[in-house]
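Letter by letter, the chains look like this.
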Amino acid sequence: MLNLFVLTNGIAIGFAFFLTAAGLTILFGILRMLNFAHGSFIMLGAYLASTVLALMPGFGLGMFLLVAVGAGLIVGGLGLVVDRIVFRRLQGIDEAAALIATFALMLVTDGIVKLIWGAQYVSVRTPDGLGGAMFLGPVIVPSFSALIVVVGVVTFVALDLFLNRTWTGKSLQAVAEDRWIMGVLGHNPRRLEIMAVFLAFFLAGFAGSILAPNQILTPSLGNHLIIQAFAVVVVGGLGSVRGALLAALLLGIAESWGSLYMPSLSLYIGIILILILRPQGLIPPRLAPR
């Protein structure tokens with residue numbers, strides 16, 4: 001029974017990891033950019049959702065999801081501003097300089113969050129009806145954890161179908177492989193890259209909103225989330241959505257198991273072991289970084 005609890009809890013943790021890493025995976029897969037500020041924009045989405053939900057005496061699942069989508073759209077719009085001011089100027093320069101620039105963006109975003117919401121802790125209620133638990137055989141699963149799994153599955157399926165079954169998704173991947181050729185063929189690479197940026201930031205804001213009831217919100221939350229996201233992206237294979245899901249689930253199970261024996265080290269030990277065995281990532285993307 002304990003093993004079943006570790007497994008189900010690990011799957012829920014894994015899908016939470018995947019939600020935090022999905023936007024970062026898209027951004028690197030298309031623009032080849034590791035955004036240090038990604039965790040801060042997840043945090044921003046959580047704070048936006050907390051502000052709206054705090055105005056409601058009660059809210060159900062439908063309203064909760066609607067607020068999450070709205071927060072994602074707002075963060076996606078901010079991503080377009082970031083792209084115009086920061087990302088566009090980083091294309092073609094040294095990767096180390098790009099990392100420094102996004103690190104500075106993280107500090108600015110964290111400062112803005114602290115300025116608006118303060119340094120005090122903020123908690124978010126779970127939607128009405130999802131505060132209890134359900135039984136899966138002998139295992140008790142929190143209802144909100146089940147919601148995270150469902151949202152994670154839907155997000156993965158939607159992203160996978162979009163990237164591999166639609167013309168736009170395939171065009172985005174083609175831009176990542178050879179931007180110049182896409183321009184010669186009459187496409188607008190810049191427009192496709194803007195679309196990728198909006199999608200990445202939307203996923204960040206959406207993830208922050210969905211996971212907000214599972215977190216205690218503080219202006220330093222983004223620092224914790226970016227570590228999770230980087231771990232999933234690197235272990236899964238830089239830019240691979242399927243690899244990110246597999247890595248998130250394995251790291252989630254490792255975290256669940258380790259919480260019983262080594263709660264402060266389990267995630268890092270899992271990362272090290274997987275990278276030793278598979279340094280190129282679990283499912284490396286077909287596209288090689290430029």
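In short, a report on the structure. Fair warning: this is a prediction, and the values are worked out from it, not measured in the lab. (Residues numbered from 1 in each chain as written. Predicted model: local features only at pLDDT ≥ 70, side-chain atom pairs only at ≥ 80, totals over all residues. Heavy atoms only, no water.)

1. Some details on the packing of aromatic side chains
Part 1 of the reasoning: Using the criterion set out here, one finds 10 aromatic pairs in the structure.
Part 2 of the reasoning: Between Phe-59 and Phe-64, the ring centres sit 6.3 Å apart and the planes meet at 20 degrees, which makes this aromatic pair stacked.
Part 3 of the reasoning: With centroids separated by 6.5 Å and ring planes inclined at 20 degrees, the aromatic side chains of Phe-198 and Phe-202 adopt a geometry described as stacked. One end of the pair is Phe-198 and the other is Phe-202, both in helix H8 (residues 189-211) and 4 residues apart, which spans about a single turn.
Part 4 of the reasoning: A residue is classified by how much of its surface remains accessible, and Phe-202, at 18% relative accessible area, is buried.
Part 5 of the reasoning: Clustering of aromatic rings is evident, with ring pairs tying together Phe-36, Phe-103 and Phe-230. (Phe/Tyr/Trp six-rings, centres within 6.5 Å; stacked < 30°, edge-to-face > 60°. Helix = DSSP H or I, 4+ residues; strand = E, 2+ residues; numbered from the N terminus. Buried < 20%, exposed > 50% of the residue type's maximum accessible area, 1.4 Å probe, protein only.)

2. What to know about the side chain of Thr-102
Part 1 of the reasoning: Counting through the fold element by element, Thr-102 comes out in helix H4 (residues 95-117).
Part 2 of the reasoning: We classify Thr-102 as buried; its relative accessible area is 0%.
Part 3 of the reasoning: A polar side-chain atom of Thr-102 sits 3.0 Å from the main-chain carbonyl oxygen of Leu-99.
Part 4 of the reasoning: Residue contacts for Thr-102: discarding those within four places in its chain leaves Met-33, Leu-34, Asn-35, Phe-36, Ala-37, Phe-87 and Leu-90. (Polar contact = N/O pair within 3.5 Å; in protein donor to acceptor, adjacent residues only side chain to side chain. Contact = heavy atoms within 4.5 Å.)

As far as function goes, none of this settles anything; it's purely spatial.
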